[in-house]
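# Structure assessment
Spelled out from the first residue to the last, the chains are:
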There are 2 protein chains.
Amino acid sequence: MIAMEEFSSTLLENAVNELSRLPGIGRKTALRLALYILRRDEREANSLGQSIIDLRKGIRYCHICHNISETDTCPICADKRRDNSIICVVENVRDVLSIERTGRFNGLYHVLGGVISPIDGIGPDLLEIASLARRVCEYNVKEVIIGLSPTMEGDTTAYYIYRMLSRTEADKPTITRLARGVAVGNELEYTDELTLGRSILDRRPFE
Amino acid sequence: MIAMEEFSSTLLENAVNELSRLPGIGRKTALRLALYILRRDEREANSLGQSIIDLRKGIRYCHICHNISETDTCPICADKRRDNSIICVVENVRDVLSIERTGRFNGLYHVLGGVISPIDGIGPDLLEIASLARRVCEYNVKEVIIGLSPTMEGDTTAYYIYRMLSRTEADKPTITRLARGVAVGNELEYTDELTLGRSILDRRPFE
């Protein structure tokens, strides 16, 4: 803990305070970053600071899938070449980026903004779950892929969504989940037994 | 490596690029920070961004000791209660903060801005060494404490400064260095043998 009065400058103190609010950045790291910024061109410091201000000011959320976007409808939802009858439900924006990077999915997304976690006080009403149900009815969605992490919270949320979508009045969409199994490139020896067990149950014809 | 075109927003791409220029922050961490900033109030993002811009714009270096300062003379050099006949030579601004935190030093500092390191192409002329010699003559300094890290580069720099100050025309100041020895709270068993050997040679009367 670095005491406040020990910085010789309130500007430095202020920058260290602000930087240390970021997740995973303690006061020591914040000080190192601030001193690094001091050694760079004024232009560089300005463009870093301004990019943060512009980011928060300019970004909104897509009104369809709740992914981040600079427009009302995000580029993925607006892309006519994508299959709007398949929706992949994910926890957050990072998961959209991860799945996009695979290049294996051509449908649309639905970003929940989190997973159900009673211990953290996060119930379904804090997430974009009701809007998912509306979207499924409205857009005649054929398949909903549950793309949530295979954790306790992810599984709870998946089950909640599964039950909710099974009750819809509209044509019920097929509900699928991501395959679970041995990670590509991993040694069987080091795969945990739950995953390995699942990979046996879910075995597929040899192609 | 996250490919550029995979962000759905140039604002996000821009912020991630800028954040990942910071030392120790890769593109994955930068993305995590950017998404964190997106979830905060616009006010918070503004004050973070602005604090970075203000920091670089408002901070200059003390013309006497080269510590960071918001004024021409830093608060330490300007403090009349401090003993201006003792100068502690340190590598960088962080070292000033570290020594100030001990509360055991009441003299002034001289920030070199680095240490001599031929392998990195850093010679004495890139550091505030000539200004140290001038300062010692001008201000009738009685003691120069070499407060450099006991590394190869630190020792080389210390020796260079020692030789330079020994050649001054003015009254030669006493030149001292930080004590080396067993760290307070450390087990002898885990102290390296160079340090332990030094702690025997430099042993002090039991007080």
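Below you will find a few notes about this structure. Quantities reported herein were computed from a predicted structural model and do not represent experimental measurements. (Residues numbered from 1 in each chain as written. Chains lettered and ligands numbered in written order. Predicted model: local features only at pLDDT ≥ 70, side-chain atom pairs only at ≥ 80, totals over all residues. Heavy atoms only, no water.)

It is worth spelling out the overall build of chain A at this point. When helices and strands are counted, chain A shows 8 helices and 6 strands. Whereas a compact globule of 207 residues would reach a radius of gyration of roughly 17 Å, chain A reaches 22 Å, over 25% beyond that. In terms of principal-axis extent, the alpha carbons of chain A reach across some 65 × 45 × 35 Å. By residue count, 42% of the 207 residues in chain A fall in the buried class. Considering only contacts in chain A between residues 6 or more positions apart, those separated by 24 or more positions represent 45%. Per element, the accessible surface of chain A, about 12,100 Å² overall, is 51% carbon and sulfur. Of the side chains in chain A, 27 bear a positive and 30 a negative charge, and the two mean positions are spaced by 3 Å. (Helix = DSSP H or I, 4+ residues; strand = E, 2+ residues; numbered from the N terminus. Rg over C-alpha atoms; globule rule 2.2 N^0.38 Å. Buried < 20%, exposed > 50% of the residue type's maximum accessible area, 1.4 Å probe, protein only. Contact = heavy atoms within 4.5 Å. Areas by Shrake-Rupley, 256 points an atom, 1.4 Å probe, with all protein chains shown as cover. Lys, Arg positive; Asp, Glu negative; His and termini not counted. Charge placed at Lys NZ, Arg CZ, Asp CG, Glu CD.)

In terms of nonpolar packing, the biggest core is built from 46 residues, with Leu12 and Leu19 of chain A together with Leu12 and Leu19 of chain B touching the most fellow members. Taken together, the elements giving at least two residues each to this core come down to α1 (10-19), α2 (27-39), α3 (42-58) and α5 (93-102) of chain A together with α1 (10-19), α2 (27-39), α3 (42-58) and α5 (93-102) of chain B. Non-local contacts of Leu12 of chain A, meaning those with residues more than four positions away in its chain, are made with Phe7, Leu31, Ala34 and Leu35 of chain A together with Leu55, Ile59 and Ile68 of chain B. (Core = buried A, V, L, I, M, F, W, Y, C linked by side-chain atoms within 4.5 Å.)

Moving on: helix α7 (residues 152-166) of chain A. Each full turn of the α-helix corresponds to 3.6 residues, which orients residues three or four apart in the same direction. All names here are of chain A. Taking 1.5 Å per residue as the helical rise, α7 with its 15 residues ought to reach 21 Å, and the 21 Å between its terminal C-alpha atoms agrees with that figure. Every buried residue of α7 is listed here: Gly154, Thr157, Ala158, Ile161, Met164 and Leu165. Buried residues of α7, seen end-on, are gathered within an arc of 130° and therefore sit on one face of the element. Opposite the packed face of α7, turned more than 90 degrees from it, sit the exposed residues Met152 and Tyr159. (Expected span 1.5 Å × (residues − 1). Arc of directions from axis to C-beta.)

Attention now goes to the sheet that holds strand β6 (residues 174-177) of chain A. All names here are of chain A. Taken together, 4 strands build an open sheet; the order of strands is β4-β3-β5-β6 and the sheet is parallel. Looking at the sheet topology across the chains shown, the edges are occupied by β4 (107-111) and β6. Sheet twist, expressed as the average angle between the axes of neighbouring strands with direction ignored, equals 25°. Lying on the sheet, helix α6 (residues 130-138) is in contact with β3 (83-90), β4 and β5 (143-146); it crosses β4 at an angle near 155°. Running at roughly 165° to β5, α7 makes contact with β3, β5 and β6 of the sheet. (Pairing = 2+ DSSP bridges. Axes fitted to C-alpha atoms, helices over the stretch in contact; angles between N-to-C directions.)

This part takes up the relation of the copies chain B and chain A. In screw terms, the move from chain B to chain A is a rotation of 180° and a rise of 0.0 Å along the axis, fitting with an RMSD of 0.1 Å. Both copies of the chain, as the preceding transformation shows, are related through a two-fold rotation axis. When C-alpha distances to the rotation axis are compared across chain B, the minimum falls at Gly49 of chain B, with a value of 1.9 Å. Both copies share a contact surface, since 100% of the interface residues of chain B are interface residues in chain A too. (Least-squares fit on C-alpha atoms with pLDDT ≥ 70 in both.)

A few words on α6 of chain A. All names here are of chain A. Listing the buried residues of α6 in full gives Ser131, Leu132, Ala133, Arg135 and Val136. Close packing links the buried residues of α6 with α4 (75-78), β3, β4, β5 and α7. Once α6 finishes, Asn140 follows within two positions and takes phi at roughly 55°, a positive value.

Moving on: the interface of chain B and chain A. Taken together, the contact pairs 52 residues of chain B with 52 residues of chain A. In this assembly, chain B packs against chain A so that about 5,400 Å² is buried in total across both faces, 70% of it on carbon and sulfur atoms. Taken together, the connections running from chain B to chain A amount to 0 salt bridges. Remark: the boundary between chain B and chain A carries 14 residue pairs in polar contact (both at pLDDT 80 or more). (Buried area = accessible area lost by both parts, 1.4 Å probe. Salt bridge = Lys/Arg side-chain N within 4 Å of Asp/Glu carboxyl O. Polar contact = N/O pair within 3.5 Å; in protein donor to acceptor, adjacent residues only side chain to side chain.)

With that out of the way, let us pick up the sheet that holds strand β6 (residues 174-177) of chain B. Paired through their backbone hydrogen bonds, the strands of a sheet run either parallel or antiparallel. All names here are of chain B. Judged by pairing direction, the sheet is parallel, and its 4 strands sit side by side in the order β4-β3-β5-β6 without closing on themselves. Each edge of the sheet is formed by a strand with only one pairing partner; in this case those strands are β4 (107-111) and β6. Going from strand to strand, the sheet's axes swing by 25° on average, the running direction of each strand aside. Note: strand β3 (residues 83-90) against β4, 5 bridges, orientation parallel.

Turning next to unusual backbone geometry. Residue and element names in this part refer to chain A. The backbone phi angle of His66 is positive, close to 70°, even though this residue is not glycine. Residue Asn140 is not a glycine yet carries a positive backbone phi of 55°. On the secondary structure map, Asn140 appears in the loop between α6 and β5. By relative accessible area, Asn140 is classed as partly exposed at 47%.

Residues and elements named next belong to chain B. Applying the stated rule across the entire model yields 4 aromatic pairs over all chains. Summarising the aromatic geometry, the rings of Phe105 and Tyr109 are spaced 5.2 Å apart at their centres and angled 65° between planes, so their arrangement reads as edge-to-face. Across the pair, Tyr109 and Phe105 agree in class, each one buried. Between Tyr159 and Tyr162, the aromatic rings sit 6.5 Å apart at their centres with planes inclined by 25°, giving stacked as the arrangement. (Phe/Tyr/Trp six-rings, centres within 6.5 Å; stacked < 30°, edge-to-face > 60°.)

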